[in-house]
Amino acid sequence: MKIAIASGKGGTGKTTLAVNLASYIAEEKRNLNVQEVVLVDMDVEEPNSGLFIKGELKKTEIKYRMVPEWIESKCTFCKKCANVCNFNALAYIGVSVLIFPELCHSCYACSELCPEDALPMKADRMGELRQYIIKNGLHFIESRLDIGIEQAVPLIKQTHEFIDSEFDETAFKIIDSPPGTSCPVIETVKDAELVVLVTEPTPFGLNDLKLAVDTMKELDKKCAVIVNRDGIGNDDVDKYCAENNIPLIGKIPHMHEAAKLYSQGNLLIDDIDEIRDVIKDIYSNIKKLVKG
Amino acid sequence: MKEIVVISGKGGTGKTSITASLAVLGDKDVVLADCDVDAADMHLLLNPDFAHKEKFYSGKIAEIIQDDCIKCGKCKDVCRFDAVPVINEQYVIDELNCEGCEYCAYVCPTNAIVMNDNLAGDFFISETRLNNTLVHAKLAIAADNSGKLVTKVRTEAKKIAEENDIPYLIVDGSPGIGCPVVASVTGSNLVVIVTEPTVSGLHDMSRVAELIRKFGIKSVCLINKADINADITIQIKKFLDKYEIPLIAEIPYDLVFADAILAGKTVVEYSNGEVSQIIRDSWKRILEIVRE
Amino acid sequence: MKIVFAATGKNWDSLVDSRFGRAEGFTLYDEDKDELSWHSNAENKSAGHGAGVQAGQKVASLGADIVVTGGSFGPKAGDVIRAAGIEMIPDVGEITLKEAYSKIKK
Ligand code: SF4
Ligand code: SF4
Ligand code: SF4
Ligand code: SF4
């Protein structure tokens, strides 16, 4: 089972939910009859789930993408590659061909259109994937783009491939998505069976939630909503969910204590029973939705 | 004209509320730009009239002219982005996947593939209820937020400020530390970093501060919810000292932020309490520093 | 000698553009023929990333010996122009092409 946790905007408590839900399931694994629990931080530009859970590093994999390399000795300066690249990653300047790997989208066009095979694709480092094992048995995976690399999508794709090969269907996979509605988010939620959208009960929260819901509709994704910091605002989010038939599967109450624990980088479920109960309900609601 | 950009890293720190409050305090002396094009919220507080609206295009997207297609399948073979599915025995483009590389168009034997401009969002120039100008935008679903739309918003806002002799441009910067935020700060006169004393707040603000330093832009910092975690507030201060970033305000944790949003107002309009006073003082400090 | 100016217009009285990758266009002065020609940069002005790369490629394709801009070239454009063996003159400021030309002749 693969579920994604997303939000229209950062700072709504998406990571808090992902980390606490994953930890809860890991702690209760036996009772809940779950084989393995995996938490994946797909916010590859700025992963920070790791600030909240500490574990033992099990594996590091360097991740690569393909970019062309110019082989001067093969080049006949035929000029065919001059205007092929739509991303300005290649410049033909008569005396040489320059490649700017950070702009390359790995489309292979220049490489395969070159009649002399003078632009073979070669692997270029884009980031690192790390797999940790946490005390409570949770598997935690985090991918991080190298500084200066702009294409997040290839790393997200490879991280999905990694978790799919490492864990089978029986594992409960929770994907912490980057915020927003842009390409990396689309890639992250692509094969999720359910997208859980986290929001706050304020006009800002509702506005961001609508953007996220529209995106998920476009992708034909089943979604559910969780309200964080319940109590600080109004019930417009409830109304919106009811009107649009989106299941509202949990409300995490606003508590000063929770804000404090969060600020310290601590789990909420370990210290606040009320929140542990909410997380428990969220878990069973998710199970129902994914089955049904 | 001086350009002041407010940023915060990941979000949830009250950046937009504070930015909008500064705009109220600046009154007629301010043009506003909302560069949070992924999930713009400023309009919820300022009731813009969306008087000027235009489409914003960025990059390309392929289209197959079915009448010209001989179904050879070459396009599908070369596409590295799985963007050419066969539906009802027709080769078609999956717009969500198409990267716009044009490789398919190069290899199509009948020139059946045309490249269209890709709609990346909507761009607006509005009069707000405060009677100043707000330049804002909305990124299209699944669009690539490369910073282009952000640049457009800033450039247009700058032009308006210069043409009308308005002394300040206040920019609600983009979230994160990637391309959009770079596009929202380069060449500005002052960056105001809004942070909060949480492990992720500290983490984000240090990344952001390093980025700004690289560009050599003057910056100041404002700690929101400063009393939520005394230890981290001290760490933030140490960091600011080391980087020689002046701390201009510490705002205590206060639900007035949420209450003001609910009322559709900025904090300084909604209340005359402590928080509003601190924001007023901050605006004065910001003006002093930016004029130096 | 061919000199290319990042420019906002096509005459000697036009201003040097302070941008390079996203300049309005490029004005080429061919000293041998004593001729000015204009090469629009419209397609690049709105490029997402890598405007500098494209602009650099363009200047190289014009056969420039020297390229002038009002501000800086940017790292990527700099790489392209350097590789093409063209001399770069940055930071001449927002002056007219005529002024810039006499400045570099000194
Ligand atoms: S297409 Fe190949 S052979 Fe032709 S100029 Fe480019 S790299 Fe050289
Ligand atoms: S692989 Fe594609 S994106 Fe990369 S340099 Fe070649 S043409 Fe450009
Ligand atoms: S433009 Fe590129 S990504 Fe789009 S369909 Fe053609 S080959 Fe695929
Ligand atoms: S390459 Fe051209 S003709 Fe062949 S299937 Fe694609 S669109 Fe049709």
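Cut-offs used in this document
Residues numbered from 1 in each chain as written. Chains lettered and ligands numbered in written order. Predicted model: local features only at pLDDT ≥ 70, side-chain atom pairs only at ≥ 80, totals over all residues. Heavy atoms only, no water. Helix = DSSP H or I, 4+ residues; strand = E, 2+ residues; numbered from the N terminus. Buried < 20%, exposed > 50% of the residue type's maximum accessible area, 1.4 Å probe, protein only. Contact = heavy atoms within 4.5 Å. Areas by Shrake-Rupley, 256 points an atom, 1.4 Å probe, with all protein chains shown as cover. Core = buried A, V, L, I, M, F, W, Y, C linked by side-chain atoms within 4.5 Å. Near = heavy atom within 4 Å. Nonpolar A, V, L, I, M, F, W, Y, C, P; charged D, E, K, R; others polar. Pairing = 2+ DSSP bridges. Phe/Tyr/Trp six-rings, centres within 6.5 Å; stacked < 30°, edge-to-face > 60°. Polar contact = N/O pair within 3.5 Å; in protein donor to acceptor, adjacent residues only side chain to side chain. Buried area = accessible area lost by both parts, 1.4 Å probe. Salt bridge = Lys/Arg side-chain N within 4 Å of Asp/Glu carboxyl O. Domains from an automatic or database assignment. Axes fitted to C-alpha atoms, helices over the stretch in contact; angles between N-to-C directions. Parallel < 35°, antiparallel > 145°, perpendicular 65-115°, else oblique. Left-handed = near helix turned anticlockwise from the far one by under 90°.

Description of the overall build of chain B
Then step 1. Regarding its fold elements, chain B presents 11 helices and 11 strands.
Then step 2. Out of the 292 residues in chain B, the part that is buried amounts to 59%.
Then step 3. For chain B, the proportion of contacts with a sequence separation of at least 24, taken over those separated by at least 6, is 76%.
Then step 4. As displayed, chain B offers around 11,800 Å² of accessible surface, 46% of which is attributable to carbon and sulfur atoms.

Concerning the nonpolar core
Then step 1. Ranked by size, the top nonpolar core spans 89 residues in total, and within it Ile3, Leu21, Ile174 and Ile286 of chain A carry the most contacts.
Then step 2. Filtering out sequence-adjacent residues up to four positions away, Leu21 of chain A remains in contact with Ile3, Ile5, Ile174, Ile279, Ile282, Tyr283 and Ile286 of chain A.
Then step 3. In terms of nonpolar packing, the next biggest core, distinct from the first, is built from 67 residues, Cys104 of chain A together with Ile61, Tyr103 and Ala105 of chain B among them.

Let's talk about the site of ligand 3
Then step 1. Residues in close proximity to ligand 3 total 13 residues, the closest being Cys79, Cys98, Cys101, Glu102 and Cys104 of chain B.
Then step 2. In the shell around ligand 3, the residues fall into 10 nonpolar, 1 polar and 2 charged.

Observations concerning the pairing of strand β6 (residues 113–127) of chain B
All names here are of chain B.
Then step 1. Pairing analysis gives 11 bridges linking strand β3 (residues 52–64) to β6, with the strands arranged antiparallel. Among the inter-strand pairings, Glu63 is bridged to a residue of β6, identified as Val114.
Then step 2. Relative to strand β7 (residues 133–139), β6 is paired through 7 bridges, and the arrangement is antiparallel. Residue pairing across strands places Ile125 opposite Val135, the latter belonging to β7.
Then step 3. Between the antiparallel neighbours β6 and β7 lie 5 residues, among them Asn131 with a positive phi of about 65 degrees.

What about the site of ligand 1?
Then step 1. In the vicinity of ligand 1, 14 residues are found, and the nearest of them are Cys75, Cys78, Lys79, Cys81 and Cys114 of chain A.
Then step 2. Residue composition of the shell around ligand 1, by class: 10 nonpolar, 1 polar and 3 charged.

Some words on the packing of aromatic side chains
Then step 1. Applying the stated criterion to the full structure yields 13 aromatic pairs over all chains.
Then step 2. Plain terms: the ring middles of Phe239 of chain B and Tyr243 of chain B are 4.3 Å apart, the flat faces sit at 20 degrees to each other, and that makes the pair stacked. With Phe239 of chain B and Tyr243 of chain B both in helix α8 (residues 230–243) and 4 residues apart, the pair spans about one turn of that helix. Of the two residues, Phe239 of chain B and Tyr243 of chain B, neither departs from the other in class, the shared state being buried.
Then step 3. Taken together, the ring pairs in this structure connect Phe5, Trp12, Tyr29 and Tyr101 of chain C into an aromatic cluster.

Digging into the environment of Lys251 of chain A
All names here are of chain A.
Then step 1. You can see Lys251 is positioned in strand β11 (residues 248–253).
Then step 2. Taking relative accessible area as the criterion, Lys251 reaches 32% and is therefore assigned partly exposed.
Then step 3. Sequence-wise, Lys251 and Lys74 are 177 residues apart; in three dimensions their C-alpha atoms are separated by 63 Å.
Then step 4. Excluding residues within four positions of it along the chain, Lys251 makes contact with Val227, Asp230, Asp238 and Val278.
Then step 5. Side-chain polar atoms of Lys251 contact the side chain of Asp238, separated by 2.6 Å.

Overview of the interface of chain C and chain A
Then step 1. Chain C puts 14 residues into the contact, and the matching count from chain A is 15 residues.
Then step 2. Of the roughly 1,100 Å² buried at the junction of chain C and chain A (both faces included), carbon and sulfur atoms supply 61%.
Then step 3. Taken together, chain C and chain A are joined by 1 salt bridge.
Then step 4. We note a salt bridge from Lys76 of chain C to Glu102 of chain A, for which the minimum N-O separation is 3.9 Å.
Then step 5. At the junction of chain C and chain A, the tally comes to 5 residue pairs in polar contact (both at pLDDT 80 or more).
Then step 6. If you list the elements that add at least two residues to the side of chain C that touches chain A, you get α2 (51–61) and α3 (75–83) of chain C.
Then step 7. Looking at the side of chain C that touches chain A element by element, the count peaks at 5 residues for α2 of chain C.
Then step 8. Taken together, the residues of the side of chain C that touches chain A break down into 7 nonpolar, 5 polar and 2 charged.

What to know about the side chain of Asn41 of chain C
All names here are of chain C.
Then step 1. Here Asn41 shows up in the loop between β3 (35–40) and α1 (42–45).
Then step 2. A polar contact of 2.9 Å, which involves the side chain of Asn41, links it to the backbone oxygen of Ala23.
Then step 3. Discounting residues that sit within four places of it in the chain, Asn41 has contacts with Phe20, Gly21, Arg22, Ala23, Glu24, Gly25 and Phe26.

Quick word on the environment of Lys148 of chain B
Then step 1. For Lys148 of chain B, the position within the fold is in helix α5 (residues 148–163).
Then step 2. Residue classification places Lys148 of chain B among the buried positions, given a relative accessible area of 14%.

Describing the domain arrangement of chain B
Then step 1. Here chain B is described as being made up of domain 1 (2–47 + 128–291) and domain 2 (58–119).
Then step 2. The C-alpha centroid of domain 2 of chain B is placed 42 Å from the C-alpha centroid of domain 1 of chain B.

Quick notes on unusual backbone geometry
Then step 1. A positive phi angle, near 60 degrees, is found at Asp220 of chain A, a position not held by glycine.
Then step 2. Here Asp220 of chain A is to be found in the loop between α6 (203–218) and β10 (223–230).

Considerations on the packing of α2 of chain C against α3 of chain C
Residues and elements named next belong to chain C.
Then step 1. At a minimum axis distance of 7 Å, the contact between α2 and α3 shows a crossing angle of 25 degrees. In this view, α2 runs roughly parallel relative to α3, as classed from their interaxial angle. As for how α2 packs across α3, the hand of that crossing is right-handed. Counted together, Gly52, Val53, Gly56 and Gln57 of α2 and Lys76, Ala77, Val80 and Ile81 of α3 form the full contact between these two elements.
Then step 2. By residue class, the composition of the contact of α2 with α3 is 4 nonpolar, 3 polar and 1 charged.

Some words on the interface of chain A and chain B
Then step 1. Facing the 55 residues of chain A at the interface are 52 residues of chain B.
Then step 2. Between chain A and chain B, the buried area comes to about 4,400 Å², and carbon and sulfur atoms account for 58% of it.
Then step 3. Three residues, Glu46, Phe204 and Ser263 of chain A, lead the burial of chain A against chain B; their summed loss comes to 15% of the area buried on that side.
Then step 4. On the surface where chain A and chain B come into contact, there are 4 salt bridges.
Then step 5. In this structure, Glu46 of chain A and Arg207 of chain B form a salt bridge, with 3.3 Å as the shortest nitrogen-oxygen distance.
Then step 6. Going through the elements one at a time, α3 (109–113), α5 (183–189), α6 and α8 (256–264) of chain A are the ones with two or more residues in the side of chain A that touches chain B.
Then step 7. The element that contributes the greatest number of residues to the side of chain A that touches chain B is α6 of chain A, accounting for 8 residues.
Then step 8. Grouping the constituent residues of the side of chain A that touches chain B by class yields 20 nonpolar, 22 polar and 13 charged.

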